[in-house]
Amino acid sequence: MSGRATCRICWGTASSGPGGRLVAPCRCTGSVRHVHEGCLAQWRVGPPARTHCEICHTRFRMPAGPGALLAGAAQAAWCVVRLVWPAALLAAAAWQGVQWGARAAVGPEQRQRERERLREDRAQQRRQRQCVARQRWQQKRREWQRRQQERRLQQNRQEQQQDMDAVGAVKLAWAATQVLLAAGKAGRPR
Ligand SMILES: [Zn+2]
Ligand SMILES: [Zn+2]
């Protein structure tokens, strides 16, 4: 099987693998001796990052070439990510802290002013509410008065009607009495 070298990572040959040239980066021999430059580059970067062969424990020799360049770039990128990410987190935290500090340092007088403005707004709202309530109450009162007046008027009218009815009844009775008296006078025998 020594006639045809294969990559120990992807099992591809020099022509079939994706990683370009086959290289021997450590002291391993036999079927695990060769590896593609690109495969090794990815393998080294990880994660986890590997600097040594896990079989013979020698440090990987990075051959010069496009694969090595790629590996270097990948490693650099990985380092940047690893370094920049916590740095970015730290910066964000610091920025937050600065903002907090600024807010704390705004000073008590501005906060006091803000509080006063808030209180004034609330007072204004309360006044408006009271005004509206008073208007509503006055309207209700006016309506009640109007209704009361109407009722009184109706009562008057009814009373007048009753009076007139009573007068009519008395008149009728009077007329009937007159008629009866007249009839009695006329019908009395002499
Ligand atoms: Zn490979
Ligand atoms: Zn090895």
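Residues numbered from 1 in each chain as written. Chains lettered and ligands numbered in written order. Predicted model: local features only at pLDDT ≥ 70, side-chain atom pairs only at ≥ 80, totals over all residues.

Turning to the overall build of the chain, a few remarks are in order. Scanning the chain from N- to C-terminus turns up three helices and two strands. Ordered by position from the N terminus, the helices and strands of the chain form the series β-β-α-α-α. Out of the 190 residues belonging to the chain, those deemed buried represent 11%. Counting only contacts in the chain whose residues sit at least 6 apart along the sequence, the fraction spanning at least 24 positions is 51%. (Helix = DSSP H or I, 4+ residues; strand = E, 2+ residues; numbered from the N terminus. Buried ≥ 20, exposed ≤ 12 C-beta atoms within 10 Å, placed from the backbone. Contact = placed C-beta atoms within 7 Å.)

On to the environment of glycine 30, then. Inspection of the secondary structure puts glycine 30 in the loop between β1 (22–23) and β2 (35–36). Given 9 C-beta atoms within a 10 Å radius, glycine 30 is considered exposed. Sequence separation between glycine 30 and arginine 8 is 22 residues; the distance between their C-alpha atoms is 10.0 Å.

Bringing the nonpolar core into the picture now. Listed in full, the nine residues of the largest apolar core are Cys7, Leu22, Val23, Val35, Cys39, Leu40, Ala41, Trp43 and Val45. Mapped by element, the contributors of at least two residues to this core are β1 and α1 (37–45). With five residues, α1 is the largest single contributor of residues to this core. (Core = buried A, V, L, I, M, F, W, Y, C linked by C-beta atoms within 7 Å.)

To continue, consider the environment of threonine 58. Within the secondary structure, threonine 58 is located in the loop between α1 and α2 (66–105). Given 12 C-beta atoms within a 10 Å radius, threonine 58 is considered exposed. Counting along the chain gives 33 residues from threonine 58 to proline 25, while the straight-line C-alpha distance between them is 8.9 Å. Setting aside residues no more than four positions away along its own chain, threonine 58 makes contact with Cys26, Arg27, His52 and Cys53.

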